Amino acid sequence: QVQLVESGGGLVQAGGSLRLSCAASGRIFKINDMTWYRQAPGKQRELVAQIDLVGLIKYADSVKGRFTISRDNAKNTAYLQMDSLNVEDTAVYLCNFKVVIQGDIRFRDFWGQGIQVTVSS
């Protein structure tokens, strides 16, 4: 019904930058929250950043001032600009969208496949 595809991950040195994208396709009527999570080995999944339909944004304390979330509603895409990366940012990053499918009225959760971000010291 709906597919989310992430891109932009990879290997970067500490202090560098990466920009992640998450593009949704399928029978989409509306997307409410667009959220980035991350999960490092041996750690719980944590919310990194979230932007809702009207542009309200929240960040994890650990990324405030370094990461910027944005969205392009025409493209059904969320972005995560990550600056001043450090080794603690190394994780698999996953996007989650709350989507209303065409012909439905409920929001449903859809997930991307996850993308690796590795920061070297």
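Everything quoted here is computed from the prediction, not taken from an experiment.

1. With respect to the overall build of the protein chain
Looking only at helices and strands, one finds zero helices and 11 strands in the protein chain. Along the protein chain, helices (α) and strands (β) appear in the sequence β-β-β-β-β-β-β-β-β-β-β when read from the amino end. For 121 residues, the compact-globule estimate of 2.2 N^0.38 gives 14 Å, and the protein chain sits close to it at 14 Å. Oriented by its inertia axes, the alpha-carbon framework of the protein chain measures out at about 50 × 25 × 25 Å. Out of the 121 residues in the protein chain, the part that is buried amounts to 44%. Excluding contacts between residues fewer than 6 apart, the proportion of contacts in the protein chain whose partners are at least 24 apart in sequence is 55%. Carbon together with sulfur atoms contributes 50% to the accessible area of the protein chain, which is approximately 6,300 Å² in total. The protein chain carries 14 positive and 11 negative side-chain charges, and their two centres are separated by 5 Å.

2. Points about the state of the cysteines
Applying the stated criterion across every chain yields a total of one disulfide. Each sulfur of the disulfide joining Cys 22 and Cys 95 lies 2.0 Å from the other. As the torsion about the S-S bond is roughly 60°, the Cys 22-Cys 95 disulfide counts as right-handed. Of this pair, Cys 22 sits in strand 3 (residues 18-26) while Cys 95 sits in strand 9 (residues 91-101), placing them 73 residues apart in sequence. When sorted by exposure, Cys 22 lands in the same class as Cys 95, which is buried.

3. Points about the side chain of Asn 96
Relative to the assigned elements, Asn 96 resides in strand 9. Overall, the relative accessible area of 4% leaves Asn 96 in the buried class. Apart from residues lying up to four places away in sequence, Asn 96 is in contact with Leu 4, Asp 33, Met 34, Thr 35, Tyr 37, Asp 109, Phe 110 and Trp 111.

4. Focus: a nonpolar patch on the surface
Residues Leu 53, Val 54 and Leu 56 make up a contiguous nonpolar surface patch of about 310 Å² in total accessible area. Within the secondary structure, Val 54 sits in the loop between strand 5 (46-51) and strand 6 (57-59). Residue classification places Val 54 among the exposed positions, given a relative accessible area of 70%.

5. Here we look at the packing of aromatic side chains
Using the criterion set out here, one finds one aromatic pair in the structure. Their ring planes at 40° and their centres at 5.2 Å tell us that Tyr 37 and Trp 111 sit as a pair that is tilted. Of the two residues, Tyr 37 sits in strand 4 (residues 28-39) while Trp 111 sits in strand 10 (residues 107-111), which places them 74 residues apart along the sequence. We classify Trp 111 as partly exposed; its relative accessible area is 37%. The ring of Tyr 79 carries the charged tip of Arg 19 above its face, separated from the ring centre by 4.1 Å.

Conventions we followed
Residues numbered from 1 in each chain as written. Predicted model: local features only at pLDDT ≥ 70, side-chain atom pairs only at ≥ 80, totals over all residues. Heavy atoms only, no water. Helix = DSSP H or I, 4+ residues; strand = E, 2+ residues; numbered from the N terminus. Rg over C-alpha atoms; globule rule 2.2 N^0.38 Å. Buried < 20%, exposed > 50% of the residue type's maximum accessible area, 1.4 Å probe, protein only. Contact = heavy atoms within 4.5 Å. Areas by Shrake-Rupley, 256 points an atom, 1.4 Å probe, with all protein chains shown as cover. Lys, Arg positive; Asp, Glu negative; His and termini not counted. Charge placed at Lys NZ, Arg CZ, Asp CG, Glu CD. Disulfide = S-S within 2.5 Å. Patch = residues over 30% accessible without salt bridge, like charges linked within 9 Å, V, L, I, M, F, W, Y side chains within 5 Å. Salt bridge = Lys/Arg side-chain N within 4 Å of Asp/Glu carboxyl O. Phe/Tyr/Trp six-rings, centres within 6.5 Å; stacked < 30°, edge-to-face > 60°. Lys NZ or Arg CZ within 6 Å of the ring centre and 35° of its normal.

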